[in-house]
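The lines below spell out each chain.
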Amino acid sequence: MEILFASAVGVLTAAGIYLILRKRTFPVILGLSLLSYAVNVFLFATGRLMINAPPVLNKYAEVAYTDPLPQALVLTAIVISFGMTAVVVMIALGAYLSAKDDHIDMIEDADGAGDDA
Amino acid sequence: MSLFLIAALPFLGALFPALLIRAGRNAAAASAGFTTFLAFVGLLLNAPAVLRGEVIQARLDWLPGLGLNTNFFLDGLGLLFAGLILGIGLLIILYARFYLSREDPMGQFYTYLLLFQGAMVGIVLSDNILLLLVFWELTSLSSFLLIGYWKHLPEGRQGARMALAVTGSGGLAMIAGMLILGHIVGSYDLTVILQHKELIQASPLYLPALILILIGAFTKSAQFPFHFWLPHAMAAPTPVSAYLHSATMVKAGLFLMARMWPVLAGTPEWFYIVATTGLITMVLGAVIALFKDDLKALLAFSTVSHLGLITMLLGFGTKIAAVAAVFHIINHATFKAALFMSAGIIDHETHTRDIKRLGGLRFLMPITFTIALIACLSMAGLPPFNGFLSKEMMLEEAFHTSWMGSPYFIPGLAVFAALFSAAYSFRYIVHVFLGPKRHDYPAHPHDPGTGLWLAPAFLVFLVIAIGIGSNHIVGPLVSVAAGAVIGGELPYFSLKLWHGFTPALWMSLAAVTGGLLLLWLHPRLSKMWNAAPRPEAKVIFDSLLGTLTRASRGVTDALHNGSITRYSAIMVAFTIAISLYAYQSGVASEATRAVQQAGALPVIGWICLVSATGFIVLNHRNRLLALVLIGVVGLIVSLSFNYLSAPDLALTQISVEVVTIILMLLALNFLPKETPVESPLAIRARDAVIAIVAGTGVGGLIYALMTRDFSAPSISEFHLANSYKGGGGTNVVNVILVDFRGYDTFGEIIVLGIAALVIYALTEAILGSKVRAYLLNRKPDSPQDGDPHPLMMVVATRVMMPLALMVAAYIFFRGHNLPGGGFIAGLIAAIAMLMQYMASGFSWAAERQKVYYHGIIGSGVLIAAATGMGAWLAGQPFLTSAFGYLHWAPLEEFEWATAALFDLGVFLAVVGAVMLTLESLARLAWQPGMNSEHAMDINPARDDAAKLKEEV
């Protein structure tokens with residue numbers, strides 16, 4: 001199972017990075033989402049994988065529990081990555097609406113931008 | 001009065017003028033004067049003890065781990081300087097009230113002035129060199145504001161920038177020097193450092209520390225070759241020049257040298273660096289001053305020269321020279337501040353500072369003439385004024401000092417400088433006040449009102465009083481101040497006019513005679529001076545700065561070409577490179593955990609995930625399809641969390657997934673639906689290689705991690721063991737979030753709230769720009785649904801709303817003991833509301849939304865904070881939770897926990913943030929005519945019959 005899990009993380013990472021290296025906003029946002037999944041799942045897995053051992057205490061029996069700490073960390077990370085994605089989406093949208101262009105690079109403007117600095 | 005209060009008063013007082021300016025200029029000036037007066041009185045209350053030889057201390061640990069403590073102490077030197085700063089500050093506040101015109105923003109002026117004053121007082125009272133450095137930088141910043149006060153003048157702006165660049169970079173050097181010094185001694189407390197002379201001077205780091213500290217002091221005190229900023233700073237209003245450039249800021253460097261004198265002075269390095277620099281500065285300043293036609297420029301270079309004089313005295317390293325330096329600091333402050341003020345008066349009344357256009361003013365401005373005459377004669381070093389006394393002492397010391405074995409070098413140059421000093425002092429009198437009355441003044445000159453001449457008049461009164469009764473008036477102050485500088489036994493000295501026919505007297509006499517001669521020769525010399533080529537400091541400075549700017553811009557442009565793609569690629573490649581290095585050089589332990597057998601379920605999930613991800617990469621140009629596939633990935637991730645014993649994560653992931661997809665759909669509505677092919681195949685192949693290598697690395701890393709045990713015991717055991725006992729909950733993840741790591745969660749919800757507010761602000765900015773017109777007239781770029789609000793969906797969502805909210809409440813309340821909690825409940829509640837927006841339309845939902853989402857975010861954060869602060873009432877640290885059990889018949893026993901209240905804050909913040917984000921995006925799509933009258937086309941409560949009849 002570890003092999004499946006690790007390879008899935010690798011695939012998500014690779015896909016995320018490939019999309020982040022595209023030139024338009026939307027694929028980059030998709031790439032960021034995939035990378036967030038990869039990072040969250042990675043962090044989660046640092047607690048090692050366990051099946052049927054949720055970290056909910058059982059008052060009646062001695063059972064095994066998986067590591068709760070990475071879970072708490074990842075839970076907030078998931079929510080924060082929503083906030084991050086939302087801000088990036090908004091910036092991309094604002095840029096597109098203002099400039100009618102969804103390129104993420106600004107090489108064309110580099111000459112003009114330096115003058116008023 | 002406590003030293004803390006004295007140091008804090010100017011800063012507190014800085015608030016008032018800015019606020020009180022609405023009540024008039026007198027109110028602003030009075031408030032500034034009052035706080036300064038209070039601080040001055042506070043200082044005087046401490047004076048008797050200091051004059052008895054005590055050292056007053058006030059200590060407060062701030063960051064003891066870094067050695068940074070808020071320690072103040074007041075000894076003789078501190079008393080002298082603080083007295084100068086606050087006393088002359090009072091006079092300047094009075095003078096500025098009448099000097100500044102109606103157009104000048106006076107509230108701002110006094111605020112800046114008090115900020116500066118506070119920073120200066122902080123420097124002279126600090127007993128910790130790190131604290132001192134903080135105040136030191138503050139003086140650079142506040143003096144920048146003061147010098148550039150007349151923002152409309154380009155000279156003012158340039159002068160301010162130059163002063164900041166020079167003194168600021170000197171300050172940086174000094175930080176390094178002070179850190180070295182603290183490192184040598186092992187303490188950053190000044191009183192400790194001052195007791196380790198041998199240790200410091202024996203250290204191999206002594207010379208670097210000395211040079212770095214001296215660079216800081218020299219730049220601040222305008223010593224050669226950093227002297228050029230001071231004359232350019234004269235673009236400031238005259239009260240600023242009088243305050244900063246005669247009495248305070250430029251003396252900060254001298255103060256520092258005097259303060260460090262006991263541990264740094266006395267070595268040949270100190271003598272040759274400090275005394276030589278001071279000597280050169282003294283001569284250079286005096287010579288240039290004679291040929292300046294601008295009154296303030298003349299005074300500026302004369303200040304440079306006098307600062308050089310004091311520096312040289314400190315550089316001699318003998319005790320009696322230090323006494324002379326301290327004495328001259330007092331004398332220079334009195335006569336030079338008076339002279340600056342008199343120059344300001346002349347400028348104010350005649351509208352010119354050009355000596356060539358002045359002359360004969362003694363008849364027109366008798367009071368100003370008297371003030372300037374006395375101050376000038378003191379500056380020239382004539383008896384019975386105070387300048388004579390300290391100049392005699394300086395010449396006496398110079399006479400006894402030999403330089404590189406030559407006994408004539410220093411005395412000769414000292415007389416030479418004194419000669420020029422006398423000459424420019426006489427010139428100030430003769431060319432401005434004496435001579436025939438002229439008829440071509442730019443304005444008709446007359447003496448100013450009392451408010452303007454009172455302050456300089458008081459200063460020249462001191463000039464005379466100190467000159468005649470020096471031993472009684474300033475003798476004790478000079479003794480304690482010099483005692484603090486020397487840090488040991490005071491040598492015998494006597495501050496009196498007549499010492500007999502000493503060599504100094506002859507030197508003085510030569511200087512005064514020569515000065516008169518020079519003045520007589522001035523017209524001819526001036527012509528020669530103007531014809532001679534001289535290096536212009538400003539041109540050199542500007543070209544140096546220009547070169548640096550170009551160089552840094554060149555480097556920046558080469559590194560940053562604006563391509564974010566390139567930055568990302570470099571970042572990933574770099575990360576891969578250092579990871580490879582770590583992999584090569586590190587040693588991986590053997591795998592200790594067995595690989596678990598995977599059942600059918602994980603394999604199916606893996607196939608779904610990998611194929612969905614592959615399809616996304618292959619089909620990312622079809623944006624809608626890619627978005628749908630991302631949903632599949634999110635779903636599998638969520639299911640994996642559930643499978644791998646993380647029910648909380650599964651719940652969070654799936655609800656976040658819903659809102660994220662809605663968010664992206666909303667955005668995609670405006671964006672192009674297709675991504676064109678742009679990168680050539682080679683680039684895509686390159687990116688694919690980078691991505692695959694990185695993916696392999698990450699996958700390999702986590703595989704290695706998962707097949708090994710923890711190398712150290714995990715802290716998770718603590719959480720598992722204490723979750724129920726200490727936190728009162730059995731869901732350990734939730735207890736960690738709201739209890740063990742509650743502070744982190746508190747930060748999280750604040751960040752989330754900020755993100756939502758940023759999005760709201762961006763939306764407002766977009767809607768406020770011309771994009772709004774485009775948005776309002778935008779035509780959909782794909783065919784639209786016939787019915788935007790289908791009946792089935794509207795009915796279904798409305799029925800589901802209470803159910804969904806019920807689920808949210810259930811999830812919320814069980815969160816402490818079973819999977820759930822504020823984060824998940826908040827997301828579910830937000831989804832419940834989102835359904836209404838989607839089904840019934842934005843306008844319909846927005847009309848029914850009575851509470852602003854901003855307020856919900858804010859109340860969430862406030863509730864969480866209030867819960868945390870509640871712990872203070874019980875005497876516990878922030879966010880300590882409490883819980884207990886209640887038993888109300890006939891209900892079952894149930895638990896209460898303050899953590900639930902904290903979780904409520906989390907819940908509200910999440911609901912508010914999610915809703916504000918999505919609502920902001922949705923507002924962009926609003927167009928007139930979209931407000932359908934009824935969200936549902938068929939509504940039994942509505943009587944359409946009457947309306948239909950009308951239309952027919």
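Everything numeric here is computed off the predicted structure, so don't read it as measured data.

**Here we look at the overall build of chain B**
Link 1 in the chain: Secondary structure summary: chain B contains 39 helices and 6 strands in total.
Link 2 in the chain: The C-alpha atoms of chain B give a radius of gyration of 38 Å, which is well past the 30 Å a tight globule of 952 residues would have.
Link 3 in the chain: Excluding contacts between residues fewer than 6 apart, the proportion of contacts in chain B whose partners are at least 24 apart in sequence is 79%.

**Brief notes about the UniProt feature "domain: MrpA C-terminal/MbhE" (unreviewed entry) in chain B**
Link 1 in the chain: What UniProt calls "domain: MrpA C-terminal/MbhE" (unreviewed entry) maps, in this numbering, to residues 684–762 of chain B.
Link 2 in the chain: Along residues 684–762 of chain B, the helical share is 82% and the strand share 0%, with 33 Å between the first and last C-alpha atoms.

**Side note on the interface of chain A and chain B**
Link 1 in the chain: With 76 residues of chain A at the contact, the number on the chain B side is 94 residues.
Link 2 in the chain: Every element with two or more residues in the side of chain A that touches chain B is listed here: helix H1 (2–20), helix H2 (25–45) and helix H3 (68–99) of chain A.
Link 3 in the chain: Grouping the constituent residues of the side of chain A that touches chain B by class yields 55 nonpolar, 13 polar and 8 charged.

**A look at H2(A)**
Link 1 in the chain: Between its terminal C-alpha atoms H2(A) stretches 30 Å, which fits the 30 Å expected from 21 residues at 1.5 Å a residue.
Link 2 in the chain: Along H2(A), 18 of the 21 residues are buried, which leaves the element largely enclosed by surrounding structure.

**Thoughts on the UniProt feature "domain: Na+/H+ antiporter MnhB subunit-related protein" (unreviewed entry) in chain B**
Link 1 in the chain: UniProt tags residues 793–915 of chain B as "domain: Na+/H+ antiporter MnhB subunit-related protein" (unreviewed entry).
Link 2 in the chain: Split by type, residues 793–915 of chain B is 71% helix and 7% strand. Its first and last C-alpha atoms lie 20 Å apart.

**So, the packing of H3(A) against helix H32 (residues 742–768) of chain B**
Link 1 in the chain: Their axes nearest at 10 Å, the elements H3(A) and H32(B) cross at an angle of 15°. Classified by the interaxial angle, the pair formed by H3(A) and H32(B) is roughly parallel. Note that H3(A) runs across H32(B); the crossing there is left-handed. In this structure, H3(A) uses Thr76(A), Val79(A), Ile80(A), Gly83(A), Ala86(A), Val87(A), Met90(A), Ile91(A), Gly94(A) and Leu97(A) to contact H32(B), whose residues at the interface are Thr745(B), Glu748(B), Val751(B), Leu752(B), Ala755(B), Val758(B), Ile759(B), Leu762(B) and Ile766(B).
Link 2 in the chain: Residues of the contact of H3(A) with H32(B), tallied by class, amount to 14 nonpolar, 4 polar and 1 charged.

**A closer look at the domain arrangement of chain B**
Link 1 in the chain: Looking at chain B, the domain boundaries give domain 1 (265–532), domain 2 (566–583 + 597–676) and domain 3 (731–939).
Link 2 in the chain: Placing a centre on the C-alpha atoms of domain 1 of chain B and another on those of domain 2 of chain B gives a separation of 77 Å.

**Here's the deal with the nonpolar core**
In globular proteins that are soluble, nonpolar side chains generally tend to be buried together.
Link 1 in the chain: Residues Val326(B) and Ala375(B) are the most contacted members of the largest nonpolar core, which totals 201 residues.
Link 2 in the chain: It is helix H16 (residues 319–350) of chain B that provides the largest number of residues to this core, a total of 19 residues.
Link 3 in the chain: Excluding its chain neighbours within four sequence positions, the residues that come into contact with Ala375(B) are Phe335(B), Ala338(B), Leu339(B), Ser342(B), Val460(B) and Val463(B).
Link 4 in the chain: The next biggest cluster of nonpolar side chains, apart from the first, holds 129 residues, and it includes Leu12(A), Ala45(A), Val633(B) and Leu924(B).

**A closer look at helix H22 (residues 475–486) of chain B**
Working note: α-helix, 3.6 residues per turn, so residues spaced by three or four point in the same direction.
Residue and element names in this part refer to chain B.
Link 1 in the chain: Over its 12 residues, H22 runs 16 Å from end to end, which matches the ideal 16 Å to within 8%, given 1.5 Å per residue.
Link 2 in the chain: Along H22, the positions that sit buried rather than exposed are Val 478, Val 480, Ala 481, Ala 482, Gly 483, Ala 484, Val 485 and Ile 486.
Link 3 in the chain: Against helix H3 (25–51), helix H4 (76–99), helix H13 (249–264) and H16 lie the buried residues of H22.
Link 4 in the chain: Immediately beyond the C-terminal end of H22, within one or two residues, lies Gly 487, with a positive phi of roughly 70°.

**Notes on the confidence of the model for chain A**
Link 1 in the chain: Confidence in the prediction for chain A averages 86 pLDDT; 91% of positions are at 70 or higher.
Link 2 in the chain: When the criterion is pLDDT under 50, residues 109–117 of chain A qualifies, and its contacts beyond four places in sequence or with other chains add up to 3 contacts.

**Quick word on the packing of H32(B) against helix H37 (residues 853–873) of chain B**
All names here are of chain B.
Link 1 in the chain: Interaxial distance between H32 and H37 falls to 10 Å at its minimum, and their mutual angle equals 165°. What the angle tells us is that H32 and H37 run roughly antiparallel. The hand of the H32/H37 crossing is left-handed. For the pair H32 and H37, the contacting residues are Phe 746, Ile 749, Ile 750, Gly 753 and Ala 756 in the first and Ile 857, Gly 860, Val 861, Ala 864 and Gly 868 in the second.
Link 2 in the chain: The residue makeup of the contact of H32 with H37, split by class, is 7 nonpolar, 3 polar and no charged.

**Digging into the environment of Ala913(B)**
Link 1 in the chain: Position of Ala913(B) relative to the elements: it lies in helix H38 (residues 898–923).
Link 2 in the chain: The buried category is assigned to Ala913(B), around which 30 C-beta atoms lie within 10 Å.
Link 3 in the chain: For the pair Ala913(B) and Leu757(B), spaced 156 residues apart in the sequence, the C-alpha separation amounts to 7.9 Å.
Link 4 in the chain: Setting aside residues up to four positions removed in sequence, Ala913(B) forms contacts with Gly83(A), Leu752(B), Gly753(B), Ala755(B), Ala756(B) and Ile857(B).

**Here we look at the UniProt feature "transmembrane region" (unreviewed entry) in chain A**
All names here are of chain A.
Link 1 in the chain: UniProt feature "transmembrane region" (unreviewed entry): in the numbering of this structure it lies at residues 6–21, 28–51 and 71–97.
Link 2 in the chain: Between the end C-alpha atoms of residues 6–21 there is a gap of 23 Å, over a span that is 94% helix and 0% strand.
Link 3 in the chain: Secondary structure over residues 28–51 splits into 75% helix and 0% strand, and the C-alpha atoms at its two ends are 34 Å apart.

**A closer look at unusual backbone geometry**
Link 1 in the chain: Omega for the peptide link from Phe224(B) to Pro225(B) comes to 5°, which places this bond in the cis form.
Link 2 in the chain: For Pro225(B), the position within the fold is in the loop between helix H10 (206–220) and helix H11 (229–232).
Link 3 in the chain: A cis amide bond links Pro383(B) with the next residue in sequence, Pro384(B), at an omega value of 5°.
Link 4 in the chain: Structurally, the position occupied by Pro384(B) is in the loop between helix H18 (366–380) and helix H19 (386–399).
Link 5 in the chain: Even without being glycine, Asn52(A) reaches a positive phi, approximately 60°.
Link 6 in the chain: Checked against the element boundaries, Asn52(A) lands in the loop between H2 and H3.
Link 7 in the chain: You can call Asn52(A) exposed: it has 10 C-beta atoms within 10 Å.

What counts and how
- Residues numbered from 1 in each chain as written.
- Chains lettered and ligands numbered in written order.
- Predicted model: local features only at pLDDT ≥ 70, side-chain atom pairs only at ≥ 80, totals over all residues.
- Helix = DSSP H or I, 4+ residues; strand = E, 2+ residues; numbered from the N terminus.
- Rg over C-alpha atoms; globule rule 2.2 N^0.38 Å.
- Contact = placed C-beta atoms within 7 Å.
- UniProt positions renumbered as here; feature names shortened; annotations may be inferred.
- Nonpolar A, V, L, I, M, F, W, Y, C, P; charged D, E, K, R; others polar.
- Expected span 1.5 Å × (residues − 1).
- Buried ≥ 20, exposed ≤ 12 C-beta atoms within 10 Å, placed from the backbone.
- Axes fitted to C-alpha atoms, helices over the stretch in contact; angles between N-to-C directions.
- Parallel < 35°, antiparallel > 145°, perpendicular 65-115°, else oblique.
- Left-handed = near helix turned anticlockwise from the far one by under 90°.
- Domains from an automatic or database assignment.
- Core = buried A, V, L, I, M, F, W, Y, C linked by C-beta atoms within 7 Å.
- pLDDT = per-residue confidence, 0-100.

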